[in-house]
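# Secondary and tertiary structure notes
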Amino acid sequence: MRMRNKQRKTTILGWNAGSRCSMPAMVWSLVGFLLLLHFYSTLHKTDKAEETRLQMSHHSFQELQVVEEENIQIPPPRRRSPRAAKRRPRKKTTLIDEFLDENSQIRHVFFPDHRSAIDPTKDTGNDSFYYFPGRMWLDTEGIPIQAHGGGIMFDPLSRMYYWYGEYQDVPTFIAPKGLARVDIIGVGCYSSKDLQTWKNEGIVLAAEEANETHDLHKSNVLERPKVIYNEKTGKYVMWMHIDDANYTKAAVGVAISDYPTGPFDYIYSKQPHGFESRDMTIFKDDDGMAYLVYSSEDNSELHIAPLTEDYLDVTPVMKRILVGQHREAPALFKHGETYYMITSGCTGWAPNEALAHAAESIMGPWETVGNPCIGGSKMFKLTTFFAQGTFVLPLAGLPGSFIFMADRWNPADLRDSRYVWLPLIVGGPADWPLEYNFGFPSWSRVSIYWHRKWRLPSGWSDMKR
Ligand code: GAL
């Protein structure tokens, strides 16, 4: 009996009930089926269009892999009196000597003057929306952007990009130990929808004028600020390098705000895990976990540590990475399931060779995969295009494509340091044969391509996120 009932039910649902299936029901079902078909094909078409657009844009980003050469001539030596020449024979100058010499005859090559500035207040015709690494870069009011040693956060709430960095618009002076420095002014913040035109949102964390014992007293050092958003607490959290003028405090500072544009409240500073911390960065993973990476043990190694859930402190877990490699200026990013990092050597404001590193697990082990810089010249490659990395920004909608952000420091006038933004692409085999997995190299190559002028693929801004 039970069995019979069951069978009957099945046949009705299965449209095989013969006389039990009425005409209107059949018509309605047909209409429903056709509607579904239409809906599916529209959806599929949109997917296809989006896919083609993505592929095209990705393709035009790949075109940025064309290698551009630079042939900068070292100027002939200045004339000297025969007596001076005899007293001190001239040393051969290199391009890096010229770069570091503020009176060099080819100064304009590295620090072009305001006439070539990127200026969103002016219609620059064909040059609009191009990046020109090393040129002055003006904000939407026509004033040079002050966001050195910075990083970019995409804010999911306002769907804007925020660029935070050291606001250095004051004169440079030489500290007692001979280091070029500026007083702390604070952290500058700029907002943009297209990563090209930047509106000044003001100083979101300001120096302390009066209290000399405060970390942010103008006589101290505030460098490399980075901001991430905490979904759980709804707060924007800033981490930065806090130091005294002689870099002996070696600590990290933490500040918090309800808004991306601040004001940020400074909470505290500390030496994470009781260790020195100088150049640093923070990185937020896809799963919401965030990490601090800092140069430690006299900059001889990096340390990496997960942050607490509220991002306001480090957890006790810490791993030493790139031990004995003397790396700083870490910039961490992820492609697929692999973590990558670009670091610099430790030569103060002078540029040096960048290296890329890769890891399967963010906590390590990390392996060095080679110098990512391509193009320019041998000297461009050995000096990170006369700059030092600070951040790597993933381009939503273009997997494997990033913007490498670096600072071309000008220790003679730090506020006039320039931004060097270049396309970074992950793909192809790594330079240095490292570990192999079933005969394949474990890591992809990380490449940063030199361009005097480049732009993001057209249409990129419509398809992001
Ligand atoms: C660099 C560092 C910069 C700044 C500079 C001071 O090594 O990356 O952020 O601290 O030294 O000389």
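Structural data are supplied above this passage.
Below, the structure is looked at part by part. These numbers come from a predicted model, not from an experiment. (Residues numbered from 1 in each chain as written. Predicted model: local features only at pLDDT ≥ 70, side-chain atom pairs only at ≥ 80, totals over all residues. Heavy atoms only, no water.)

### Notes on the overall build of the protein chain
- The helix and strand inventory of the protein chain stands at seven helices and 25 strands.
- Looking at the protein chain alone, contacts between residues at least 24 apart form 54% of all its contacts between residues at least 6 apart.
- Summing over all exposed atoms, the protein chain offers an accessible surface of approximately 23400 Å²; the carbon and sulfur share of this is 56%. (Helix = DSSP H or I, 4+ residues; strand = E, 2+ residues; numbered from the N terminus. Contact = heavy atoms within 4.5 Å. Areas by Shrake-Rupley, 256 points an atom, 1.4 Å probe, with all protein chains shown as cover.)

### Overview of the site of the ligand
- Around the ligand, a shell composed of Leu 179, Glu 223, Arg 224, Tyr 247, Asp 279, Glu 328, Gly 348, Trp 349 and Gln 388 is seen.
- Within the side chain of Glu 223, one N or O atom sits 2.6 Å away from an oxygen atom of the ligand.
- Contacts to the ligand include Gln 388, whose side-chain N or O atom sits 2.9 Å from an oxygen atom.
- Here the ligand has 310 Å² of accessible area as a free molecule, and 93% of this is covered by the chains. (Near = heavy atom within 4 Å. Polar contact = N/O pair within 3.5 Å; in protein donor to acceptor, adjacent residues only side chain to side chain.)

### Some points on the nonpolar core
- Core analysis: the biggest nonpolar cluster contains 62 residues, and Trp 163, Leu 195 and Trp 421 have the highest contact counts within it.
- Among the elements that line this core, the one with the most residues is strand E22 (residues 418-429), at seven residues.
- Other than its neighbours up to four places away in sequence, Leu 195 contacts Tyr 131, Trp 137, Ile 152, Tyr 161, Leu 393, Leu 395, Ile 403, Trp 421, Leu 456 and Trp 460.
- With 21 residues, the next largest nonpolar core counts Tyr 162, Tyr 164, Val 227 and Ile 242 among its residues. (Core = buried A, V, L, I, M, F, W, Y, C linked by side-chain atoms within 4.5 Å. Buried < 20%, exposed > 50% of the residue type's maximum accessible area, 1.4 Å probe, protein only.)

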